[in-house]
Amino acid sequence: MDQLTVIQNRLRKELAEMNAIIRQSLYTPNELMNRVVTTYLLSKGKQVRPIMVILSAGIFGNVNDHVLHAGAALEMLHNASLIHDDVVDETSLRRGRATINSEWGNHIAVLVGDYFVSNALAAGIRTNNIAIISALSDLGKELSLGEIDQICNAREHHFDEESYFSMIRQKTASLFINCVKMGAEAAGASPEEYAPLVEFAELFGLCFQIKDDIFDYFDNQQIGKPTGNDLREGKVTLPLLYALNTAPEEEALPMKELLKRGNLDNGEIATLIDFARRHGGIEYAYSRMREMEKEGERLLDAYPDSSWKQSFLDIFDFIISRNK
């Protein structure tokens, strides 16, 4: 049994109550909307984000009803972004099921995504905490800007780590930062009290995205996307960035030219993946994640030992070592 499953079992009651809030929030007498939403909710995913909300409240000793509404709000906002992403990327499968856009069309998918956003804000309002509502608002902006940054990096061919980390900080880490902020706020903690947890969540979110990016360099059917998918979309991630910036120029330059040209075929993508792997890009990405994990452990020293704190440590290790 992996660490995440252990944590999910430990939080079974809280997650069940939170998922009930999501179902109740999204219920509508409109037959079509209710049918689409009900089918979508059959597959919940790992729910790492609401787990982070609950854990952050737990570390301050107060997992209350507002915490569960905050977790529900964040999970609905996250799912809205996935539904909209599936439309943009023309994705046909997610979590082993047909996406809303592939089954019902883009028009309905966009409307369902908007419906999730509205209900996320409504759930946030039910916490009666302006800081939580503000966090939801900030998160929506950060996610959008992160995606725009990724498009700009691809179009302008930025091959530096600074641009990459700036992009994934907005695109992914911001989500986890707001998870712990919302949980701690709902538990009644002050910004000073949860500041170390925010720094921990940023490191966690960066590692979450780096590990997702590593999957692109391996053929693994469990992941649910083809090898080299990021490169097909013009996304240059940490393993390849490292190789481009450390390999001999006579080897790196042809790779940069390929990326600038775009419209890569399968053979060219395989060449880039092999280049990144031969020049230590995967090992480098793992070493950066383990460094961030150690820094995260140090930040959690600010809190007394507890099962909540241990769960944070365990989920960080799980994110780095997971195989899907």
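## Regarding helix α4 (residues 48-58)
Most of α4 is tucked away: 11 of the 11 residues are buried. For α4, the elements touching its buried residues are α1 (3-10), α2 (12-26), α5 (65-89), α9 (161-187), α10 (191-214) and α16 (307-321).

## Some thoughts on helix α14 (residues 266-278)
Taking 1.5 Å of rise per residue, 13 residues should cover 18 Å, and α14 covers 18 Å from first to last C-alpha, within 8% of that figure. Of the positions making up α14, those classed as buried are Glu-268, Ile-269, Leu-272, Ile-273, Phe-275 and Ala-276. For α14, the angular spread of the buried residues around the axis is 160°, confining them to a single face. Those residues of α14 that are exposed and aimed more than 90 degrees away from the buried face are Asn-266 and Arg-278.

## Thoughts on the nonpolar core
Core analysis: the largest hydrophobic core is formed by 106 residues, its most contacted members being Met-52, Phe-116, Phe-204, Ile-210, Leu-240 and Phe-312. Looking at which element gives the most residues to this core, the answer is α9, with 14 residues. The contacts of Phe-204, once residues within four sequence positions are left out, are Val-48, Met-52, Phe-176, Ile-315, Phe-316 and Ile-319.

## Digging into the packing of α4 against α5
Direction vectors running N to C along α4 and α5 enclose 155°, while the axes themselves pass 8 Å from each other. Relative to α5, α4 is oriented roughly antiparallel. You can see that α4 and α5 cross each other, and the crossing is right-handed. Between α4, through Arg-49, Pro-50, Val-53, Ile-54 and Ala-57, and α5, the contact on the second element is made entirely by Val-67, Leu-68, Ala-70, Gly-71, Leu-74, Glu-75 and His-78.

## Quick notes on the pattern of salt bridges
With the rule as written, the count across this model stands at 14 salt bridges. Among the salt bridges present, the one from Glu-293 reaches Arg-290, with a minimum N-O distance of 2.7 Å. Taken together, the residues Glu-293 and Arg-290, both in helix α15 (residues 281-300) and three residues apart, mark about one turn of the helix. Salt-bridge contacts for Arg-298 lead to Glu-295; the nearest nitrogen and oxygen are separated by 2.6 Å. Of this pair, Arg-298 and Glu-295 are both found in helix α15, three residues apart, which corresponds to roughly one turn of the helix. Owing to a relative accessible area of 47%, Arg-298 belongs among the partly exposed residues under this scheme. For Glu-295, a relative accessible area of 30% corresponds to the partly exposed category. Taken together, the shared-partner salt bridges connect Glu-161, Arg-288 and Glu-291 into one network.

## A few points about unusual backbone geometry
One non-glycine residue, Gln-47, lies in the positive phi region at around 55°. The residue Gln-47 is located in the loop between α3 (31-40) and α4 in this model. Even without being glycine, Glu-90 reaches a positive phi, approximately 55°. For Glu-90, the position within the fold is in the loop between α5 and β1 (93-94). Classification of Glu-90 as exposed rests on a relative accessible area of 69%.

## A look at the packing of aromatic side chains
The final tally for this structure, using the stated rule, is nine aromatic pairs. Ring plane angle 80° and centroid distance 5.4 Å describe the contact between Phe-200 and Phe-316, whose orientation is recorded as edge-to-face. Of this pair, Phe-200 sits in helix α10 while Phe-316 sits in helix α16, and the two are 116 residues apart along the sequence. Its relative accessible area of 0% is what places Phe-200 among the buried residues.

## Some words on the state of the cysteines
Using the criterion set out here, one finds zero disulfides in the structure. Residue Cys-179 stays outside any disulfide, its sulfur separated by 15 Å from that of Cys-207, the closest cysteine. Given the relative accessible area of 0%, Cys-179 is considered buried. Assessed through its relative accessible area of 0%, Cys-207 is described here as buried.

## Things to note about the environment of Ile-282
Along the chain, Ile-282 turns up in helix α15. For Ile-282, a relative accessible area of 7% gives the class buried. The spacing of Ile-282 and Asp-213 is 69 residues in sequence and 10.0 Å in space, taken between C-alpha atoms. Leaving out residues up to four positions away in the same chain, Ile-282 has contacts with Ile-214, Tyr-217, Phe-218, Pro-239, Ala-276 and Arg-277.

Criteria and thresholds
- Residues numbered from 1 in each chain as written.
- Predicted model: local features only at pLDDT ≥ 70, side-chain atom pairs only at ≥ 80, totals over all residues.
- Heavy atoms only, no water.
- Buried < 20%, exposed > 50% of the residue type's maximum accessible area, 1.4 Å probe, protein only.
- Helix = DSSP H or I, 4+ residues; strand = E, 2+ residues; numbered from the N terminus.
- Contact = heavy atoms within 4.5 Å.
- Expected span 1.5 Å × (residues − 1).
- Arc of directions from axis to C-beta.
- Core = buried A, V, L, I, M, F, W, Y, C linked by side-chain atoms within 4.5 Å.
- Axes fitted to C-alpha atoms, helices over the stretch in contact; angles between N-to-C directions.
- Parallel < 35°, antiparallel > 145°, perpendicular 65-115°, else oblique.
- Left-handed = near helix turned anticlockwise from the far one by under 90°.
- Salt bridge = Lys/Arg side-chain N within 4 Å of Asp/Glu carboxyl O.
- Phe/Tyr/Trp six-rings, centres within 6.5 Å; stacked < 30°, edge-to-face > 60°.
- Disulfide = S-S within 2.5 Å.

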